[in-house]
2 protein chains.
Amino acid sequence: MRPLPVVILKEPQLAENIGAVARVMANFGLADLRLVSPRDGWPQPRAWASASGADWPLDGAKVFARLEDAVAGLRLLLATTARPRETELPVFSPREAAAHLREGAEQGWPTGLLFGGERAGLETNDVALSQGIVTAPVDERFRSLNLAQAVAICAYEWRVAESAAPPANFLPSAPPADQAAMIGLYEHLEGELDAAGFFHPPEKRPSMVRNLRVALSRARMTDQEVRTFRGVITALSKGRGRVLAKLAAKRGDG
Amino acid sequence: MRPLPVVILKEPQLAENIGAVARVMANFGLADLRLVSPRDGWPQPRAWASASGADWPLDGAKVFARLEDAVAGLRLLLATTARPRETELPVFSPREAAAHLREGAEQGWPTGLLFGGERAGLETNDVALSQGIVTAPVDERFRSLNLAQAVAICAYEWRVAESAAPPANFLPSAPPADQAAMIGLYEHLEGELDAAGFFHPPEKRPSMVRNLRVALSRARMTDQEVRTFRGVITALSKGRGRVLAKLAAKRGDG
């Protein structure tokens, strides 16, 4: 089994944010949380309250007094920061960072993502413990990314890198209709529109037919949908026949 | 100037989450926020408190009573949901969704991302107004993504797509119709089908309406096509009235 990236929060301030980090870790399949000197101590019930049931990263969280101890055992550590640094470390986007973490995991390396506290972020000395900087492409006019949002984007990218495929139950189930069924739908509609005098002037009929067919073709209907729309056409146009028959019957009576 | 995607929150519950959404919108360069029936009313000072200075999406937020009004003016609407739906809409990852939004923006289309409230998410009827579903690759064991986190991931992917935009080519020239025009088409069709007695038994009407809307939504009609199909509906159903009038006239003559 490949090791999952560890999430390390250095001096987080708000228990609510630690809980929000746990929740988004659970969303994207991460579980191992390490806290370095949380400002208000640990454990804190408000963290569990804001995790919305994602308790296991909090239950298993390890607390350290020093960052050096929290990162011990890791073989690849990436540090997130929104500010440029006076270091010669490589700078990665969250997507590039995810690729590096995945490559490390494939080698069996324990890996980690390091995040600073809400107010101060990471010091350059903290960043210097890492093998690379991760920075999200934030807008220059508002760079301050919430702690849990920063974790969310890194965890999301890690998960995308791990498995690009969408969950199987989201794949469309019904195949598109047979072209013959679509043509049957077109001809049914066009026949009723001919009867209704829709295509005028007559020389424009070919282009009008083509435009209707193109729009319906783009819908990529299933067989069931083709049947439904044929029912719609029948329901809309059959009324004429019913009214005719009813009036004819009345005339016959009268 | 290319339009930025609009963020639409349907029935958001917590002002803190609305503020967190505004903050992450600002992080990734989005600004246009629309609120549909926020549970606790609007404006709410706690939203500004949790936006950490990203006030402008909140200051400019527009409030609507109905989702239909909130999406009016948009030409591409994508709905985020973590649950599979009984619809035949295409399903996109956040990355694919960002590519579609970017392509739309290159054509000058107003686009939008729709998010449901914290507890209930979107109803299937809401999803049926969209042209596609966006779903993040969450872990099956903990699917519940915080509202602001969901916005964060979509907004992040949009920004990544923007900053790495290849030139557009071979894109269709006519923009998709305004959502208000699509809703007008649906209601026209459904009104005529009501008159024709199409929806039976009556308890199946909601799901039948939804299935019709989804199939037509997928066609991504242009404004011209919407007008054409409204003409089709009128031609098919108006016949009844014409036949009636003609027969009535004949009866008067006879």
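Here the residue index of a chain counts from 1 through its sequence in written order. Naming scheme: in the order in which they are written, chains are lettered from A and ligands are numbered from 1. In keeping with the predicted nature of the model, local features appear solely for residues at pLDDT of at least 70, side-chain atom pairs appear and are counted solely at 80 or more, and the whole-chain, interface and lining totals rest on all residues. To get the side-chain values, take all heavy atoms of the structure and skip hydrogens and water.

Student: Looking at this structure, I do not really get the interface of chain A and chain B. What am I missing?
Tutor: It is common to give the size of an interface as the accessible area that goes away when the parts come together. On the side of chain B, 70 residues touch chain A, which itself brings 69 residues to the contact. For the chain A and chain B pair, buried surface summed over both sides reaches about 5800 Å², with 64% attributable to carbon and sulfur atoms. Between Lys or Arg on one side and Asp or Glu on the other, a salt bridge is scored when a side-chain nitrogen of the former is within 4 Å of a carboxyl oxygen of the latter. Linking chain A with chain B are five salt bridges. When the shortest N-O distance is used, the salt bridge between E157 of chain A and R95 of chain B registers 2.8 Å. Any pair of nitrogen or oxygen atoms within 3.5 Å is treated as a polar contact; in protein, a donor-acceptor pairing is required on top of that, and neighbouring residues in sequence qualify only through side-chain atoms on both sides. At the surface where chain A touches chain B, the tally comes to 18 residue pairs in polar contact (both at pLDDT 80 or more). A run of H or I in DSSP counts as a helix once it spans at least four residues, and a run of E counts as a strand once it spans at least two, with each numbered from the N terminus. Mapped onto the side of chain A that touches chain B, the elements with two or more residues apiece are α1 (15–27), α5 (94–106), α7 (147–162), α8 (179–195), α9 (205–218) and α10 (223–253) of chain A. The element best represented in the side of chain A that touches chain B is α10 of chain A, accounting for 17 residues. Polar here means any residue outside two lists: the nonpolar Ala, Val, Leu, Ile, Met, Phe, Trp, Tyr, Cys and Pro, and the charged Asp, Glu, Lys and Arg; Gly therefore counts as polar. Of the residues that constitute the side of chain A that touches chain B, the class distribution is 39 nonpolar, 15 polar and 15 charged. The contact criterion used throughout is that any non-hydrogen atoms of two residues lie within 4.5 Å. Each of two parts loses accessible area, computed with a 1.4 Å probe, when they are put together; buried area is these two losses added.

Student: Just to check I follow, could you spell out the sheet that holds strand β1 (residues 6–10) of chain A for this structure?
Tutor: Picture the strands of a sheet paired through backbone hydrogen bonds; they go either parallel or antiparallel. Residue and element names in this part refer to chain A. One open sheet accounts for seven strands, arranged β3-β2-β1-β6-β4-β7-β5; its pairing is parallel. Each edge of the open sheet carries a strand with a single partner, namely β3 (62–64) and β5 (91–92). With four bridges connecting them, β1 and strand β2 (residues 33–36) associate as parallel partners. In the strand pairing of β2, I8 is matched with R34. Only strands that DSSP links by at least two bridges are regarded as paired with each other.

Student: It is not clear to me how the domain arrangement of chain A should be interpreted in this structure. Could you clarify?
Tutor: The split of the chain into domains comes from an automatic or database domain assignment. The domain boundaries assigned to chain A delineate domain 1 (6–163) and domain 2 (179–253). Inter-centroid distance (C-alpha atoms) of domain 1 of chain A to domain 2 of chain A is 60 Å.

Student: Quick question: what am I supposed to make of α7 of chain A here?
Tutor: Each α-helix winds once per 3.6 residues, and so residues spaced three or four apart point in a common direction. All names here are of chain A. The length a helix should cover is 1.5 Å for every residue beyond the first. Over its 16 residues, α7 runs 23 Å from end to end, which matches the ideal 22 Å to within 8%, given 1.5 Å per residue. The buried label applies to any residue whose accessible area, calculated with a 1.4 Å probe on protein chains only, is under 20% of its type's maximum; exposed applies above 50%, and partly exposed to all values in between. Within α7, 14 of the 16 residues are buried, which leaves it mostly tucked inside the rest of the structure. The N-cap of α7, judged by a side-chain oxygen 2.9 Å from the amide nitrogen of A148 a few residues on, is N146.

Student: What is the right way to read the pattern of salt bridges from this model?
Tutor: Here the idea is simple: oppositely charged side chains can pair when their charged atoms come close. All names here are of chain A. For the coordinates displayed, the defined rule picks out 35 salt bridges over all chains. K62 serves as the salt-bridge partner of D32, at 3.7 Å between the closest nitrogen and oxygen. In this pair, D32 sits in the loop between α1 and β2 while K62 sits in strand β3, placing the two residues 30 residues apart along the sequence. Among the charged side chains, a network of salt bridges with common partners joins K10, E11, E123 and D126.

Student: Looking at this structure, how should I read the side chain of D126 of chain B?
Tutor: Residues and elements named next belong to chain B. For D126, the position within the fold is in helix α6 (residues 124–127). Taking the relative accessible area as the measure of exposure, D126 reaches 7% and is therefore buried. A polar atom in the side chain of D126 sits 2.9 Å from the side chain of K10. Beyond its immediate sequence surroundings of up to four residues, D126 is in contact with K10, L67 and L114.

Student: I tried to follow the packing of aromatic side chains on my own but got confused; where do I start?
Tutor: Here the distance between the centres and the angle between the planes together describe a pair of aromatic rings. Paired rings are identified among Phe, Tyr and Trp, the last through its six-membered ring, by centres lying within 6.5 Å, and are further divided according to the angle between planes into stacked (under 30 degrees), edge-to-face (over 60) and tilted (the rest). A full pass over the atoms with the stated rule returns nine aromatic pairs over all chains. Taken together, a centroid distance of 5.3 Å and an interplanar angle of 80 degrees make the contact between F198 of chain A and F199 of chain A edge-to-face. In terms of burial, F198 of chain A and F199 of chain A fall into one category: buried. Connected via pairs of aromatic rings, a cluster forms that spans F28 and Y156 of chain A together with F28 and Y156 of chain B. Sitting over a ring, as applied to charges here, requires NZ of Lys or CZ of Arg to be within 6 Å of the ring centre and within 35 degrees of the ring normal. If you follow R205 of chain A out to its NZ or CZ, it ends over the ring of F199 of chain A, 4.9 Å from the centre.

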